[in-house]
Amino acid sequence: GTILDVFASALNQSIKKNDPAVNEKLKTFFTQYLFEDGCTFLHLACDLEANAALAVCKILVDTLGVSLHLPLDSKSRSAKDIALGNDNQNMLDWARSIGTKFGRYHLVNEEPIYASDTCKVYFAEDIKYNKSDENFLVALKFMKNRDQFNSELSSRLITGAHEQGENLEEKNVFE
C-alpha cells in the first residue's frame, strides 16, 4: 500500500493546483493508456484490495471523472466489473454506489413514472438490499421545493416535517 499511498498523494497534489488543463490531461492519460491486456490503470487499481487502491480509484473517478464503465479490457470487463469482484468491502461498497442517487439508489429508468408541476417519481433499486429482499425495489419522489415537501408530509399526517425538510434540504435533494 505504500507506493499507492505515495501515488495517491502526488495525484491529489496535482489536482489541488486546480488547473483544468492539467486535470484534463490526467483524465485523458488514465482513460486512454492501455496495458497489453487492455486494462487501464483504473482496472488495475480496482483489482487491488488495499485501501490505498480505493483512494486512487476515488481520485480517478470521483475527482477526475475517469469512467468506471469504459473502456473494457480484453476480457470485456469494465473497471467497475473488476471492483465488484473485489474482496475489500470498502471497494465493493464504493463501486456499487457509483451512478446512484444519494449513493444508494439505482434508477430503473431515467424517465420518471410520474411527473407533475411539483414532483417527479422514479422506480429504483436500493443497493443496500439483495434483489430477493422486499425492500429492494422502491419508488423515489423528488419534490421541486421545500414548501411542497412540507405540504406533502403534512397531508400524510407525518409529524416533524419541518426538521425532516431541513435535513433533506441540506443534502440538496430538491430538484
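About the criteria used
Residues numbered from 1 in each chain as written. Predicted model: local features only at pLDDT ≥ 70, side-chain atom pairs only at ≥ 80, totals over all residues. Heavy atoms only, no water. Phe/Tyr/Trp six-rings, centres within 6.5 Å; stacked < 30°, edge-to-face > 60°. Buried < 20%, exposed > 50% of the residue type's maximum accessible area, 1.4 Å probe, protein only. Helix = DSSP H or I, 4+ residues; strand = E, 2+ residues; numbered from the N terminus. Patch = residues over 30% accessible without salt bridge, like charges linked within 9 Å, V, L, I, M, F, W, Y side chains within 5 Å. Areas by Shrake-Rupley, 256 points an atom, 1.4 Å probe, with all protein chains shown as cover. Salt bridge = Lys/Arg side-chain N within 4 Å of Asp/Glu carboxyl O. Axes fitted to C-alpha atoms, helices over the stretch in contact; angles between N-to-C directions. Parallel < 35°, antiparallel > 145°, perpendicular 65-115°, else oblique. Left-handed = near helix turned anticlockwise from the far one by under 90°. Contact = heavy atoms within 4.5 Å. Expected span 1.5 Å × (residues − 1). Arc of directions from axis to C-beta.

**Things to note about the packing of aromatic side chains**
Ring pairs (aromatic) are described by centroid distance and by the angle formed between their planes.
Phase 1 of the analysis: Evaluation of the coordinates by the stated rule reveals six aromatic pairs.
Phase 2 of the analysis: Between Phe29 and Tyr33, the ring centres sit 5.5 Å apart and the planes meet at 25°, which makes this aromatic pair stacked.
Phase 3 of the analysis: The exposure class of Tyr33 is partly exposed, given its relative accessible area of 41%.
Phase 4 of the analysis: Ring pairs connect the aromatic residues Phe29, Phe30, Tyr33, Phe35 and Phe41, which therefore count as one cluster.

**Details of unusual backbone geometry**
Apart from glycine, the bulk of residues carry a negative phi angle, and the bulk of peptide bonds sit in the trans form.
Phase 1 of the analysis: Of note, the bond from Leu70 into Pro71 is cis; its omega dihedral lies within 30 degrees of zero at 0°.
Phase 2 of the analysis: Here Pro71 lies in the loop between helix 4 (51-63) and helix 5 (79-84).
Phase 3 of the analysis: Positive phi is not limited to glycine here, since Ser76 has a value of about 65°.
Phase 4 of the analysis: By secondary structure assignment, the location of Ser76 is in the loop between helix 4 and helix 5.
Phase 5 of the analysis: Looking at Ser76, the relative accessible area reads 52%, which means it is exposed.

**A closer look at a nonpolar patch on the surface**
Phase 1 of the analysis: A contiguous nonpolar surface patch, about 530 Å² in accessible area, is contributed by Val108, Ile113, Tyr114, Phe123 and Leu137.
Phase 2 of the analysis: Looking at the secondary structure, you find Ile113 in the loop between strand 1 (105-107) and strand 2 (114-115).
Phase 3 of the analysis: Among the residues examined, Ile113 registers a relative accessible area of 46% and is labelled partly exposed.

**Quick look at the packing of helix 4 against helix 6 (residues 89-97)**
Phase 1 of the analysis: Interaxial distance between helix 4 and helix 6 falls to 9 Å at its minimum, and their mutual angle equals 15°. Considering the angle they form, helix 4 stands roughly parallel to helix 6. Judged by the twist between their axes, the crossing of helix 4 over helix 6 is left-handed. Facing Asn51, Ala53, Leu54, Cys57, Lys58, Val61 and Asp62 of helix 4, the residues of helix 6 in contact are Asn90, Met91 and Trp94.

**Topic: helix 2 (residues 20-32)**
Phase 1 of the analysis: Helix length check: helix 2 (13 residues) gives 18 Å between terminal C-alpha atoms against 18 Å at 1.5 Å per residue, within 8%.
Phase 2 of the analysis: Among the residues of helix 2, Asn23, Leu26 and Phe30 are the ones counted as buried. Along the axis of helix 2, the buried residues cluster in a sector spanning 60°; they form a single face. Counted as exposed and oriented over 90 degrees from the buried face of helix 2: Pro20, Lys25 and Gln32.

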